[in-house]
Amino acid sequence: GKIAGLEVLRIINEPTAAALAYGLEKKKTGTIAVYDLGGGTFDISILKLTKGVFEVMSTGGDSALGGDDFDHRIFCWAIEEARLQPLSPEDGRLLMMRCREAKEFLTINPEAPITARLATGEMVDIKLDVATFAEIAQTLISKTMQPVKKALRDAGLRVDALHRLDVVA
């Protein structure tokens, strides 16, 4: 901000910024948890909105946990499922890209194809469904619970005190 010639008053994290944008637009009242599992990090913000004014009650997260970890889990699952031999770096990048695409496709579909023709000529053609994804991602999802519990504790709240949960994608 300073480089652009702006006066920086305060820096806020992504889920707080998303909640601010959402809340100011919707004019909702209540206590909101914003769960932001981004590409490289997980952030949680607990916010209270009263008459268009936000109070940040607590924030937390895990800077070493994000969507990339989920991509890697799908990648490892795909290697096992397709019974692939060790991959070249080029084939590894291709398969990782297809796994990321599959994860994103699952956002609005019950199953996602993972299809790739490897440099060896071998064809990968498997499907990942939501239930399998949930199973292989369970330990990563569980890792988000510690920061969530800490953010709630720091805010002096229990889960039932939340009026809504917003998930930032």
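Values in this document were obtained by computation on a predicted structure and should not be read as measured data.

Q: Would you mind going over the side chain of Asp43 in detail, with residue names and values included?
A: Structurally, Asp43 is set in strand E2 (residues 42-50). No salt bridge is formed by the buried Asp43, whose closest oppositely charged neighbour, Lys150, lies at an N-O distance of 13 Å. A polar atom in the side chain of Asp43 sits 3.4 Å from the side chain of Thr41. In this view, Asp43 contacts Pro15, Val34, Tyr35, Asp36, Gly60 and Gly61; residues no more than four positions away in its chain are not counted.

Q: Quick rundown of the pairing of strand E3 (residues 53-62)? Include the residues and the values.
A: In the sheet, E2 pairs with E3 via nine bridges, with the strands oriented antiparallel. Bridged to Phe42 within E3 is Asp62. Here E2 folds back onto E3 in antiparallel fashion, the turn holding two residues, of which Lys51 has a positive phi close to 50°.

Q: Which residues make up the packing of helix H2 (residues 67-81) against helix H3 (residues 89-105), and what values do they have?
A: Running from N to C, H2 and H3 cross one another at 115°; their axes reach a closest spacing of 9 Å. As judged from the angle between their axes, H2 and H3 are roughly perpendicular. Taken as a pair, H2 and H3 cross one another with a handedness that is right-handed. When H2 is examined against H3, the residues Gly67, Phe70, Asp71, His72, Ile74, Phe75, Ala78 and Ile79 are found in contact with a partner set consisting of Gly92, Leu95, Met96, Cys99, Arg100 and Lys103.

Q: Could you give an account of the pattern of salt bridges, with specific residues and numbers?
A: Under the definition given, this model contains five salt bridges. Because the salt bridges share partners, they merge into one network encompassing Asp71, Arg100 and Lys103.

Q: Mind laying out the nonpolar core, listing which residues take part and the relevant values?
A: One broad rule of soluble globular proteins: the nonpolar side chains tend to lie buried together. If you look at the biggest cluster of nonpolar residues, it comprises 33 residues, and the most contacted ones within it are Ile44, Leu95, Ile114 and Leu128. Listing elements by their share of this core, those giving two or more residues are strand E1 (30-37), E2, H2, H3, strand E4 (111-117), strand E5 (123-129) and helix H4 (130-155). Tallying contributions element by element places H4 first for this core, with eight residues. For Ile114, the contacting residues outside a window of four places in its chain are Ile74, Trp77, Leu95, Arg98, Cys99, Ala102, Val124, Asp125, Ile126 and Leu128.

Q: Let's hear about H4: which residues, and what values?
A: Here H4 is 26 residues long, yet its end C-alpha atoms lie only 33 Å apart, well below the 38 Å a rise of 1.5 Å per residue gives. The principal kink in H4, of about 60°, is found at Gln138. Where H4 is concerned, the buried positions are Phe133, Ile136, Ala137, Leu140, Thr144, Pro147, Val148, Ala151, Leu152 and Ala155. Capping of H4 at its N-terminal end is provided by Asp129; its side-chain oxygen lies 3.2 Å from the backbone amide nitrogen of Ala131.

Q: Could you give me a rundown of unusual backbone geometry, with the residues and numbers involved?
A: In this model, Arg83 sits at a positive phi of 50°, which is unusual for a non-glycine residue. Within the fold, Arg83 resides in the loop between H2 and H3.

Q: Give me the environment of Asp160: which residues, what numbers.
A: Topologically, Asp160 is positioned in the loop between H4 and strand E6 (164-168). Residue class for Asp160 comes out exposed when judged on its relative accessible area of 57%. For the pair Asp160 and Thr16, spaced 144 residues apart in sequence, the C-alpha separation works out to 20 Å. In terms of polar contacts, Asp160 uses its side chain to reach the side chain of Arg158, at 2.6 Å.

Basis of the calculations
Residues numbered from 1 in each chain as written. Predicted model: local features only at pLDDT ≥ 70, side-chain atom pairs only at ≥ 80, totals over all residues. Heavy atoms only, no water. Helix = DSSP H or I, 4+ residues; strand = E, 2+ residues; numbered from the N terminus. Buried < 20%, exposed > 50% of the residue type's maximum accessible area, 1.4 Å probe, protein only. Lys, Arg positive; Asp, Glu negative; His and termini not counted. Salt bridge = Lys/Arg side-chain N within 4 Å of Asp/Glu carboxyl O. Polar contact = N/O pair within 3.5 Å; in protein donor to acceptor, adjacent residues only side chain to side chain. Contact = heavy atoms within 4.5 Å. Pairing = 2+ DSSP bridges. Axes fitted to C-alpha atoms, helices over the stretch in contact; angles between N-to-C directions. Parallel < 35°, antiparallel > 145°, perpendicular 65-115°, else oblique. Left-handed = near helix turned anticlockwise from the far one by under 90°. Core = buried A, V, L, I, M, F, W, Y, C linked by side-chain atoms within 4.5 Å. Expected span 1.5 Å × (residues − 1). Bend = angle between axes of the 7 residues up to and from the residue.

Scope: geometric values only; no functional claims are made or implied.
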